[in-house]
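One-letter residues, chain by chain:
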Amino acid sequence: MSNLAIKAGRKLFERNLKQYQPADPLYETYVDKKGRQRRRKRDTPPGLSTRDAKILKSVQRRAHYLDKGFSLCGLRFGWTFIIGIIPGAGDIADASLNYFLVVRKAKQAEIPGWLLRQMLLNNAVSAGVGFIPIAGDVILAMFKANSRNAALLEEFLRIRGEEFLKVERERVQDPQTVKPGAGREPGEHVPGKQERSASTFGGGWFRRGSKGSKKEKGKLPAEPSASAPSPDRGRFVEDVPANDQAKQA
């Protein structure tokens, strides 16, 4: 009976914890055909350049191991929690890892200033809470600043990709802030984006006009002039009038 109570209490504890911690930045859960919950890696948002896709995957992977690499009694924690147990030095090390491994990497995606400030604020909250003995480490494990920053970057890049896949006149976000197509190399093709080619313009009214207008099509071919040489004469024979030919004969 006691074992059943412990299991029920653990499940309740796990459900309550999920309300206060962000989602795993690297994995997502789904239900298979048999009704069982499975875990798989998150898909990359469409419309991103190869550079942005690599940056996002790197940030998600690092945030996962820093925040959610281990699990104990329903509480997922990572290296930041383990290092943070060390008084003083552990909290400084955590703040340094959060910045150099996640925030600085995210900056390479040309994120706007307000997003960078939000990430730094999450790191500041995480560092400040970490100085509280014992309780601070538990709160730090639930707050998960790196997972929050990874989610912010993913959502921003998702909007960037959506804007890039749209036709330019249909975009609603500020292009100076979102920077659709940022990080593309010359000649790089982003899946889902229909590029305009020179043949597209050649297939328009320029090419149709070369076939001639309707007026020209309605005209009959011009009759050969009287002065034109007949086809049965040689190429170098003069076109002499018939009267002159008779006189010469």
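Residues numbered from 1 in each chain as written. Predicted model: local features only at pLDDT ≥ 70, side-chain atom pairs only at ≥ 80, totals over all residues. Heavy atoms only, no water.

A closer look at the pairing of strand E2 (residues 37–41)
No. 1: By the bridge criterion, five bridges tie strand E1 (residues 27–31) to E2 in an arrangement that is antiparallel. Residue pairing in the sheet places Glu 28 in a bridge with Arg 40 of E2.
No. 2: Linkage of E1 to E2, two consecutive antiparallel strands, is achieved through a turn of five residues, within which Gly 35 is found at a positive phi near 85 degrees. (Pairing = 2+ DSSP bridges. Helix = DSSP H or I, 4+ residues; strand = E, 2+ residues; numbered from the N terminus.)

Some details on the nonpolar core
No. 1: By size, the foremost hydrophobic cluster in this structure holds 17 residues, and its most contacted members are Val 59, Ala 106, Ala 109, Ile 111, Met 119, Leu 153 and Leu 157.
No. 2: Listed by contribution, the elements that provide at least two residues to this core are helix H2 (50–67), helix H4 (89–107), helix H5 (113–130) and helix H7 (145–165).
No. 3: In terms of residue count, the dominant contributor to this core is H2 (five residues).
No. 4: If near-sequence neighbours (up to four positions away) are discounted, Leu 153 is found in contact with Ile 55, Leu 56, Val 59, Ala 106, Ala 109, Ile 111 and Met 119. (Core = buried A, V, L, I, M, F, W, Y, C linked by side-chain atoms within 4.5 Å. Buried < 20%, exposed > 50% of the residue type's maximum accessible area, 1.4 Å probe, protein only. Contact = heavy atoms within 4.5 Å.)

Points about the packing of H2 against H7
No. 1: It is at 8 Å that the axes of H2 and H7 come closest, and there the two elements cross at 160 degrees. Between H2 and H7, the angle falls in the class roughly antiparallel. Along this stretch, H2 crosses H7, giving a crossing that reads as left-handed. The segment H2 lies against H7, with Arg 51, Asp 52, Ile 55, Leu 56, Val 59, Gln 60, Ala 63, Leu 66 and Asp 67 engaging Ala 145, Asn 146, Ser 147, Ala 150, Leu 153, Glu 154, Leu 157 and Arg 160.
No. 2: Taken together, the residues that form the contact of H2 with H7 break down as nine nonpolar, three polar and five charged. (Axes fitted to C-alpha atoms, helices over the stretch in contact; angles between N-to-C directions. Parallel < 35°, antiparallel > 145°, perpendicular 65-115°, else oblique. Left-handed = near helix turned anticlockwise from the far one by under 90°. Nonpolar A, V, L, I, M, F, W, Y, C, P; charged D, E, K, R; others polar.)

Looking at unusual backbone geometry
No. 1: Its identity as a non-glycine residue notwithstanding, Glu 110 has a phi of 60 degrees, on the positive side.
No. 2: On the secondary structure map, Glu 110 appears in the loop between H4 and H5.
No. 3: In this structure, Lys 179 takes a positive phi of about 55 degrees despite not being glycine.
No. 4: Here Lys 179 shows up in the loop between helix H8 (175–178) and helix H9 (198–202).

Side note on H2
No. 1: Helix length check: H2, at 18 residues, gives a terminal C-alpha distance of 26 Å against a target of 26 Å (1.5 Å per residue), a fit within 8%.
No. 2: Regarding H2, the residues found buried are Asp 52, Ala 53, Ile 55, Leu 56, Ser 58, Val 59, Gln 60, Ala 63, His 64, Leu 66 and Asp 67.
No. 3: If you follow the buried residues of H2, they end up packed against E1, E2, strand E4 (75–77), helix H3 (79–84), H4 and H7. (Expected span 1.5 Å × (residues − 1).)

Thoughts on the packing of H5 against H7
No. 1: Interaxial distance between H5 and H7 falls to 9 Å at its minimum, and their mutual angle equals 170 degrees. The angle between H5 and H7 falls in the class roughly antiparallel. In this structure, H5 uses Leu 115, Gln 118, Met 119, Asn 122, Asn 123 and Ser 126 to contact H7, whose residues at the interface are Ala 145, Arg 148, Asn 149, Leu 152, Leu 153 and Phe 156.
No. 2: Class assignment of the residues belonging to the contact of H5 with H7 gives a composition of six nonpolar, five polar and one charged.

Structural notes on H4
No. 1: Over its 19 residues, H4 extends 26 Å from the first C-alpha to the last, a length consistent with the 27 Å expected when each residue adds 1.5 Å.
No. 2: Bending of H4 peaks at approximately 30 degrees at the position of Tyr 99.
No. 3: Residues Gly 90, Asp 91, Asp 94, Asn 98, Val 102, Val 103 and Ala 106 constitute the buried set of H4.
No. 4: Residues of H4 that are buried in the fold lie against H2, H3, H5, helix H6 (135–143) and H7. (Bend = angle between axes of the 7 residues up to and from the residue.)

Concerning the environment of Ala 95
No. 1: With respect to the helices and strands, the residue Ala 95 is situated in helix H4.
No. 2: For Ala 95 and Gly 84, which are eleven residues apart along the polypeptide, the C-alpha to C-alpha distance reads 9.5 Å.

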